[in-house]
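Next come the chains, spelled out residue by residue.
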Amino acid sequence: MLSSKELQRYSRQIMLPQVGEDGQEKLASARIMIVGLGGLGSPAALYLAAAGIGELHLVDGDHVDLSNLQRQVLYKTNHQSKSKALVAAQQLAAANPTIRVYPHSQMANESWLREHVKQVDLVLDCTDNLDIRHTINRVCYAARRPVVMASVQGFSGQLISFDFSAGKGPCYACLFPPQQQVEVQNCSTAGVIGPALGVVGSMQALEAIKYLMGMSVSSLSTLHLIETETFALQTLQLRAHDSCAVCSA
Ligand SMILES: [Zn+2]
């Protein structure tokens, strides 16, 4: 049952036919892990906290740097050199003290993820590193947890989600087989415009909310290429790859 304060706090989304009190209760009982608290993780975490996701696990081993503030909107100038996970948890608790927020000040690795992913209902991959993205893909597949992945370079974003609850592909390795990886640049080497991260990180939060409420999720097994310079959007339906090392084994 939602309290009168909760009914008031979430009234503008509860009045939506897609949400209602039932949907709000689903969000309140949901547990989400956000891996990476940078340009994507910042808006995603802020919106998920504000929307009343019951439990948020925030994973990042980095500290706030002056060069992060152009796009990582969770952090203020006085947070420089502090732990991103700890600052993010404080900011989200201030935004919504009715939810539970758990900071994990460490870089996600396979063994840590294997232990913790099974304790949540959904994972947001907000990292900018291909190795860890493949690790998240493998762990979520093994744990049968849905994952919403995104990345942004320059003005261009990518978004795709996988629902592994049935123990079936496709998966991220079907899309980009690890052995075919070329050297890919990330934000620190390629440059990125802040609001594009705001757009795509907010889309990740949206997809998570839709999934948790049982709505249809547009990016499920469908790569979305979002060009924020022109607002062009391309979609590419993904099929499971017969020789995928992760999901066809
Ligand atoms: Zn696969």
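Not measured: the values here are computed from a predicted model.

Chemist: Could you clarify how one ought to interpret the coordination of the zinc ion in this entry?
Modeler: A four-donor tetrahedral metal ideally has 109.5 degree angles, and a six-donor octahedral metal ideally has angles of 90 or 180 degrees. Taken together, Cys 171 (SG), Cys 174 (SG), Cys 244 (SG) and Cys 247 (SG) make up the full set of protein donors to the zinc ion, lying 2.3 Å away. Seen from the zinc ion, its 4 donor atoms lie at angles of 93 to 126°, and the figure they make is tetrahedral.

Chemist: In this structure, what is going on with empty space enclosed by the protein? I would like to understand it.
Modeler: To find the voids left in a structure, one rolls a probe of water-molecule size over its atoms. Across all of its chains, the model carries 2 cavities of 30 Å³ or more by this definition. Going through the elements one at a time, strand E5 (147-153) and strand E6 (156-162) are the ones with two or more residues in the lining of the largest cavity. Across the lining of the largest cavity, the residue classes tally to 6 nonpolar, 2 polar and 1 charged. Space inside the second largest cavity adds up to approximately 30 Å³. Residue assignment for the lining of the second largest cavity shows that the elements contributing at least two residues are E5 and E6. By residue class, the composition of the lining of the second largest cavity is 8 nonpolar, 1 polar and no charged.

Chemist: It is not clear to me how the nonpolar core should be interpreted in this structure. Could you clarify?
Modeler: One broad rule of soluble globular proteins: the nonpolar side chains tend to lie buried together. Core analysis: the biggest nonpolar cluster contains 45 residues, and Ile 32, Ile 34, Leu 48, Leu 56, Leu 58 and Leu 124 have the highest contact counts within it. By residue number, the principal contributor to this core is helix H10 (residues 194-212), which donates 7 residues. When neighbours within four sequence positions are excluded, Leu 56 is seen to be in contact with Ile 32, Ile 34, Ala 45, Leu 48, Ala 49, Leu 92, Ile 99, Arg 100, Val 101 and Tyr 102. Of all hydrophobic cores here, the second largest spans 29 residues; its members include Trp 112, Met 149, Ile 160 and Leu 223.

Scoring rules and cut-offs
- Residues numbered from 1 in each chain as written.
- Predicted model: local features only at pLDDT ≥ 70, side-chain atom pairs only at ≥ 80, totals over all residues.
- Heavy atoms only, no water.
- Donors = N, O, S within 2.8 Å, 3.2 Å for Na, K, Ca; no water.
- Tetrahedral: all angles 85-135°; square planar, octahedral: opposite > 155°, others 65-115°.
- 1 Å grid on protein atoms, 1.4 Å probe; cavity = no way out; pocket = protein on both sides within 12 Å on 5 of 7 lines; lining within 4 Å.
- Points joined across faces, edges and corners; volume = space filled by probe spheres on them.
- Helix = DSSP H or I, 4+ residues; strand = E, 2+ residues; numbered from the N terminus.
- Nonpolar A, V, L, I, M, F, W, Y, C, P; charged D, E, K, R; others polar.
- Core = buried A, V, L, I, M, F, W, Y, C linked by side-chain atoms within 4.5 Å.
- Buried < 20%, exposed > 50% of the residue type's maximum accessible area, 1.4 Å probe, protein only.
- Contact = heavy atoms within 4.5 Å.

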